[in-house]
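# Chain and residue survey
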Amino acid sequence: KTQTVDKAFVQKQKDIYKLFKYVFQKNAYSDQAAVSSSYSMIDNIKKYKNADYVKYFWSLYEKGMLPKHKVFSIFYEPHQKEAIALYNVFYYAEDWDTFYQTAVWARDHVNEKMFIYALTTAIYHRPDTQGMAVPPIYETNPYYFVEDYYVKEAYNWKMQMGKFNGPKVKVISHNYTYPPYGYYTENKMDYFTHDFALNQYYYNFHMDYPFWLGGEDAGLTKDKRGSLYYYFHQQLLARYYLERLSNDMGSIEVYDYYSKFPVPFYPKFKHPNGVEFPTRSPKTYSYEFYKGDADYYHYNGHFNYSYPYMVNKLEDYERRIRDVIDMKYYYKSSDSLSPIYEEKPDDFDTFSSLITSTYDSPNPTYYGPMETVMRKMIGGAPSPAHAYHIYPSALELYETTLKDPAFYMYQKRMLQFYFDYQNQYPHYTSQDLMFSGVSIQNVHVDKLLTYFDHHEIDISNVVGVTDEEFEKDYVTVMFKHRHLTHKPFTYKIYIKSEVQADAVIRVFIGPKYNEYGVEFNVNDNRMNYFEINKLYVKIKEGDNYFVGNSSDSYGTSYDPKPFKYAYEYMQKGAAGQQEYTVSDFEAHTGFPNRLLLPKGSPQGQTFQMFFMVSPYQPKGYEYDIVTASGVGSGQRYCDDFPFGYPFNRYIEPDSFDVPNIYFKDVKIFHRKYDEMNKVD
């Protein structure tokens with residue numbers, strides 16, 4: 001769906017984009033620079049819905065916050081405190097003008113990466129910025145996505161060219177003949193784990209649902225926040241596993257606290273200030289990485305991060321979660337037990353909040369920040385010497401987390417708690433899954449073809465420019481790279497029905513065989529299915545025929561336009577020279593559409609597609625799918641069935657033998673770009 005928006009909307013969108021341009025330099029847009037030098041929050045304190053937030057932020061600012069050009073991570077408490085304070089002044093500005101002026105001021109006065117984090121989160125949650133885009137994080141901060149070698153090439157080119165008197169464009173191409181930084185099996189997965197859009201997707205999820213943000217103010221509890229956290233990560237691991245199979249790799253190992261870490265990691269990127277990321281050598285123990293924080297720093301005041309203590313705490317947290325699963329009770333306080341029954345719809349969300357220790361957790365101290373501790377322990381970062389002099393690992397930044405293979409290992413360990421909890425549910429029977437009177441007669445799927453396509457992103461933010469070059473947008477540096485994609489495909493679903501009904505067709509893809517060529521049984525395989533579409537359909541009595549198209553798969557998005565072209569489009573729209581439209585396929589919440597399929601193989605690799613038609617269960621709320629992200633609305637979903645249905649519970653062996661479920665074996669062929677039409 002697309003929708004035309006008015007010039008006022010486009011002007012605001014354009015102003016937002018300007019805030020992220022050359023963000024590591026002082027703002028040289030003359031209109032914004034004037035606001036930056038003159039605006040005062042304190043003088044305008046009545047224009048904020050909560051004056052206490054303004055006073056608190058200003059007290060932090062006057063005492064001294066994280067300096068500009070320093071490394072920022074939300075997983076360090078001093079940084080977290082300041083970022084939340086900044087978010088609050090953005091979010092509680094009473095109108096657009098106050099919000100915008102506050103953001104313009106903050107751009108030049110607070111740490112750049114803290115600014116990016118807090119402003120992005122505020123834009124995604126403020127009611128008056130719904131539908132407005134933020135430049136992709138890989139263009140705002142290319143340092144965390146593009147190898148340092150190419151960043152230096154861009155910087156050196158600009159230095160050698162000197163001052164520009166007119167627009168110039170430089171295209172830098174990735175050289176895929178360079179050897180990797182060390183040879184190890186996981187190198188084969190770099191095209192997937194380092195994919196710009198996939199990392200953007202992960203980053204945006206945590207901007208939408210920050211662990212520190214309460215559910216009531218932003219409406220996050222309406223979104224089944226805990227369930228969504230589980231399903232987001234379960235689907236991410238399922239998709240990762242499909243890609244591993246395409247590269248002849250086995251199952252994901254589970255991280256063991258006491259064994260040598262099996263997978264090394266050599267980051268190829270650096271922080272904007274030149275600080276390198278820690279590496280992790282193969283066959284080392286986690287205690288060789290992290291010796292514990294300096295005395296100044298204690299997480300929430302109750303422990304520091306010395307290795308033995310972290311392991312003990314993690315084991316304590318895990319034991320307490322297992323107690324919840326076994327006892328079906330949790331400690332709401334030190335002397336108060338609360339039941340957690342499967343039949344109550346909110347209980348899975350509560351269980352998830354205990355694991356993730358979000359703001360909504362009923363007892364975050366007792367059940368603990370498990371994921372935060374694990375990120376610190378296995379990321380490979382040394383102990384920080386000072387609150388503002390940190391050396392975080394890739395796991396301690398959302399922009400770089402997916403690049404480290406350790407992420408998938410510790411997430412698999414955490415997801416096991418969810419699986420154990422779900423196994424307490426009553427098992428699905430044939431009667432539970434059946435759609436009486438409705439049967440899928442046949443499914444026809446197009447030939448499935450993947451290939452690597454070339455794509456350009458705008459990395460101009462890595463170069464230094466003069467004020468004139470800044471304001472007139474004279475300098476553009478494009479980075480040309482290749483990424484996995486697929487040829488558009490359709491699937492035709494033939495349904496026979498004895499009833500007329502509203503329905504939803506769920507479409508998944510999963511493995512047929514493991515890495516040894518052994519066919520999976522359905523229960524061993526149910527967590528490996530990746531959901532690629534949901535189709536809302538109206539079934540009539542008799543024969544029905546529905547077509548699913550990969551190009552409009554539910555919950556997916558296309559790669560955004562590079563900054564240069566997006567901004568030019570906004571300029572024309574704001575000036576009334578061109579109609580400006582927004583689309584739900586530009587939403588920041590969507591999984592990258594081009595990554596729906598795993599790579600496959602040149603000979604054709606067998607996978608299994610799953611189709612299920614079920615009655616439509618209304619959601620209860622609606623939102624504008626085009627101009628709003630739906631975050632906090634409770635209605636980002638197609639219907640009211642549980643996430644992952646019907647793979648969310650243990651499956652009785654014969655329960656899938658129902659007429660409204662259909663399995664289809666498919667082959668995925670991988671071709672070179674110039675061979676993409678050669679499918680046998």
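Residues numbered from 1 in each chain as written. Predicted model: local features only at pLDDT ≥ 70, side-chain atom pairs only at ≥ 80, totals over all residues. Heavy atoms only, no water.

The protein carries the name Hemocyanin/hexamerin middle domain-containing protein in an unreviewed UniProt entry, which gives Cuerna arida as its organism.

With that out of the way, let us pick up the overall build of the protein. Looking only at helices and strands, the protein features 21 helices and 16 strands. With respect to the principal axes defined by its C-alpha atoms, the protein has extents near 70 × 65 × 55 Å. Across the 680 residues of the protein, 60% fall into the buried class. Pairs at least 24 apart in sequence give 80% of the contacts found in the protein among residues at least 6 apart. Accessible surface, the protein as shown: approximately 27300 Å² in total, 49% of it carbon and sulfur. (Helix = DSSP H or I, 4+ residues; strand = E, 2+ residues; numbered from the N terminus. Buried < 20%, exposed > 50% of the residue type's maximum accessible area, 1.4 Å probe, protein only. Contact = heavy atoms within 4.5 Å. Areas by Shrake-Rupley, 256 points an atom, 1.4 Å probe, with all protein chains shown as cover.)

This next bit is on the side chain of R526. Relative to the assigned elements, R526 resides in the loop between α20 (522-525) and β10 (530-539). Put simply, R526 is tucked away with no salt bridge, and the nearest opposite charge, on D524, sits 8.0 Å away. In terms of polar contacts, R526 uses its side chain to reach the side chain of N423, at 2.9 Å. Engagement of the side chain of R526 in a polar contact is seen with the backbone oxygen of F647, the distance being 3.0 Å. When neighbours within four sequence positions are excluded, R526 is seen to be in contact with N423, F647, N648, R649, Y650 and I651. (Lys, Arg positive; Asp, Glu negative; His and termini not counted. Salt bridge = Lys/Arg side-chain N within 4 Å of Asp/Glu carboxyl O. Polar contact = N/O pair within 3.5 Å; in protein donor to acceptor, adjacent residues only side chain to side chain.)

Looking now at unusual backbone geometry. For the bond from Y645 to P646, the omega torsion is 5°, close enough to zero to count as cis. With respect to the helices and strands, the residue P646 is situated in the loop between β15 (605-615) and β16 (661-670). Even without being glycine, H69 reaches a positive phi, approximately 75°. Mapped onto the elements of the fold, H69 is located in the loop between α3 (51-63) and α4 (77-91). Judged by its relative accessible area of 46%, H69 falls in the partly exposed class. The residue D248 is not glycine, and still its phi comes out positive at about 60°. Position of D248 among the secondary structure elements: in the loop between α12 (225-246) and α13 (307-327). D248 sits in the exposed class, given a relative accessible area of 71%.

A word on the domain arrangement of the protein. When the domains of the protein are assigned, the result is domain 1 (2-133), domain 2 (186-424) and domain 3 (430-675). On a C-alpha basis, the centroid separation for the pair domain 1 and domain 3 is 33 Å. With 28 residues of domain 1 at the contact, the number on the domain 3 side is 33 residues. Between domain 1 and domain 3, roughly 2800 Å² of surface is buried when both sides are summed, and carbon and sulfur atoms account for 60% of that area. If you sort the residues of domain 1 by the area they bury against domain 3, Q3, Y17 and Y22 come out on top, with a joint share of 24%. At the surface where domain 1 touches domain 3, the tally comes to eight residue pairs in polar contact (both at pLDDT 80 or more). The set of elements that each furnish at least two residues to the side of domain 1 that touches domain 3 consists of β1 (2-4), α1 (7-20) and α6 (112-125). (Domains from an automatic or database assignment. Buried area = accessible area lost by both parts, 1.4 Å probe.)

Moving on, we come to the side chain of K403. Note that K403 resides in the loop between α16 (370-378) and α17 (406-422). One buried charged residue, K403, forms no salt bridge at all, with the nearest opposite charge on E399 at 8.1 Å. A distance of 3.3 Å separates the side chain of K403 from the backbone oxygen of Y144, its partner in a polar contact.

Now for the sheet that holds strand β6 (residues 448-458). With respect to topology, seven strands assemble into an open sheet ordered β2-β7-β6-β16-β15-β9-β10, the strand pairing being mixed. The outermost strands of the open sheet, each flanked by one partner alone, are β2 (168-173) and β10. Averaged over all neighbouring strand pairs, the angle between strand axes comes to 30°, with direction disregarded. Looking at chain direction, β15 and β16 are connected through eight bridges and run antiparallel. (Pairing = 2+ DSSP bridges. Axes fitted to C-alpha atoms, helices over the stretch in contact; angles between N-to-C directions.)

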